[in-house]
Amino acid sequence: MMKELDIEKLQTILATKKKITLLPHKNPDGDALGSCLALYTYLKEKHDVKVISPNDYPQFLKWLPHHEQIEIFEGGYKGDMRRFIQNSDLIFILDFNALHRIDELGNIVENSKGLKVMIDHHEQPEEFDIMYSDPSMPATAEMMYYFIEKLAGKESFNKDIATCLYTGIMTDTGSFRYPSTSSNTHRVIANLIELGAEKTEIHGNIYDSNTISRFKLIGKALQNLVVLNDLRTSYITLSSKELQECNYKKGDTEGIVNYGLALSGIVFTAIFIEDREKGIIKISLRSKGDFDVNQFSRNHFDGGGHINAAGGRSELSLDETVAKFNQIIPEYQAQLINTK
């Protein structure tokens, strides 16, 4: 948990009206937005608060309480947002721990005199003024539950906060099935349900809002699935052309990487998605057991994350990136074979 002295410091600061910026990472997911909007809901009555996202977020998250208040930096009124961040008393860095994860916004945050508070569960964080970092946690939203409880007590929660936090925990735990999901996680979830989180409705909003184009994209991804049985590894590729042919919308590739890990005997999987506009290949990595994809991504693909879930990127072409992956993987054969 965050240090008592830090909590006391924040309680003192928040005793009077402040200008506060809440930031999720680029391409924000349910955990990032759920954490931001829960904290926004708590702070908005007494403070001048903005949630500023580096870029837009998927349609299946555009029902969360107060999501319409989120300001999108990419393509938005950057001058207004820049000034707000520069003049903020507090800047919360939520569900990420390195400023490069928010692109251009990172420089603005770095140059702001506001107190920078990081709440995040990823490994190897940068240094910030106040840090609540715990890689053992399954979701930043679970950390946000403890943070708000410690900061203001259980009476500060309401249905909107519960809904946002339930969404964040549910999405980042794969509906509570990932290994980092603990008995404490389930206790928090029970409390959130008692506070008004509608579990069936939330699950439906996230997972039952598929489109024909997304199903076609999943079909294309499964057609492209490659299995390396002797390495207990699989991978999927999606080119820009294939995305375009399937009328890709932001969020459509969410979760596709997990299909590769659902195969019997597979302990490591990857998806390589071509982003021709940015000139990169976006990479998601997943694993079972003790095979560390966080370290694998840091070593080879300029990324990071958790032991069993990480991201990365490549500036090579799609074919060259896959060739690099195929060249590297045999080095890990013994480790992959012995993964439990």
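Residues numbered from 1 in each chain as written. Predicted model: local features only at pLDDT ≥ 70, side-chain atom pairs only at ≥ 80, totals over all residues. Heavy atoms only, no water.

Trainee: Looking at this structure, I do not really get the sheet that holds strand β4 (residues 90-94). What am I missing?
Mentor: Strands in a sheet are paired, the pairing made by backbone hydrogen bonds, and the direction either parallel or antiparallel. A sheet is described by the order of its strands in space; here six strands give the open sequence β3-β2-β1-β4-β5-β6, paired in parallel fashion. Among the strands making up the open sheet, the edge pair consists of β3 (71-72) and β6 (130-133). Pairing of β4 with strand β5 (residues 115-120), which is carried by five bridges, proceeds in the parallel orientation. When the sheet's bridge partners are listed, F92 is paired in β5 with V117. Together, β4, β5 and β6 form the strand contacts of helix α5 (residues 140-152), whose direction differs from that of β5 by roughly 120°. (Pairing = 2+ DSSP bridges. Helix = DSSP H or I, 4+ residues; strand = E, 2+ residues; numbered from the N terminus. Contact = heavy atoms within 4.5 Å. Axes fitted to C-alpha atoms, helices over the stretch in contact; angles between N-to-C directions.)

Trainee: Where do I start with the side chain of K116 in this structure?
Mentor: If you trace the backbone, K116 turns up in strand β5. Buried charge K116 goes without a salt bridge, the closest partner of opposite sign being D129 at 4.6 Å. At 2.7 Å, the side chain of K116 forms a polar contact with the backbone oxygen of S112. In contact with K116, not counting residues within four places along its chain, are I91, I93, V109, E110, F128, D129 and I130. (Buried < 20%, exposed > 50% of the residue type's maximum accessible area, 1.4 Å probe, protein only. Lys, Arg positive; Asp, Glu negative; His and termini not counted. Salt bridge = Lys/Arg side-chain N within 4 Å of Asp/Glu carboxyl O. Polar contact = N/O pair within 3.5 Å; in protein donor to acceptor, adjacent residues only side chain to side chain.)

Trainee: It is not clear to me how the packing of aromatic side chains should be interpreted in this structure. Could you clarify?
Mentor: What characterises a pair of aromatic rings is the spacing of the ring centres plus the angle enclosed by the ring planes. In this structure the tally under the stated criterion is 15 aromatic pairs. Measuring from centroid to centroid gives 6.1 Å for F92 and F147, while their planes differ by 65°, and the two rings are edge-to-face. With F92 in strand β4 and F147 in helix α5, this pair connects stretches of sequence that are 55 residues apart. On the accessibility criterion, F92 (1% relative accessible area) is buried. On the accessibility criterion, F147 (0% relative accessible area) is buried. Among the aromatic residues, those joined into a ring-pair cluster are Y235, F268, F272, F291, F296, F301, F325 and Y332. (Phe/Tyr/Trp six-rings, centres within 6.5 Å; stacked < 30°, edge-to-face > 60°.)

Trainee: Hey, could you run me through the sheet that holds strand β9 (residues 268-275) in this one?
Mentor: Spatial strand order, β7-β8-β9-β10-β12-β11: six strands in an open sheet with mixed pairing. Every other strand in the sheet has two partners, leaving β7 (226-228) and β11 (304-305) as the edge strands with one partner each. Pairing of strand β8 (residues 233-238) with β9, which is carried by six bridges, proceeds in the parallel orientation. Considered in β9, the bridge of Y235 is made with A270. In this fold helix α12 (residues 293-300) packs onto β9, β10 (280-287), β11 and β12 (309-314), with an angle of close to 15° to the strand it touches most, β12.

Trainee: Mind showing me how you'd approach the packing of helix α1 (residues 4-13) against α5 here?
Mentor: Packed helix pairs are specified by the crossing angle of their axes together with the interaxial distance, meaning the distance between the axes. The N-to-C vectors of α1 and α5 enclose an angle of 65°; their axes lie 10 Å apart at closest approach. Crossing angle aside, the handedness with which α1 passes α5 is right-handed. For the pair α1 and α5, the contacting residues are E4, I7, L10 and Q11 in the first and F147, K150 and L151 in the second. Looking at the contact of α1 with α5 residue by residue, the class counts come to four nonpolar, one polar and two charged. (Left-handed = near helix turned anticlockwise from the far one by under 90°. Nonpolar A, V, L, I, M, F, W, Y, C, P; charged D, E, K, R; others polar.)

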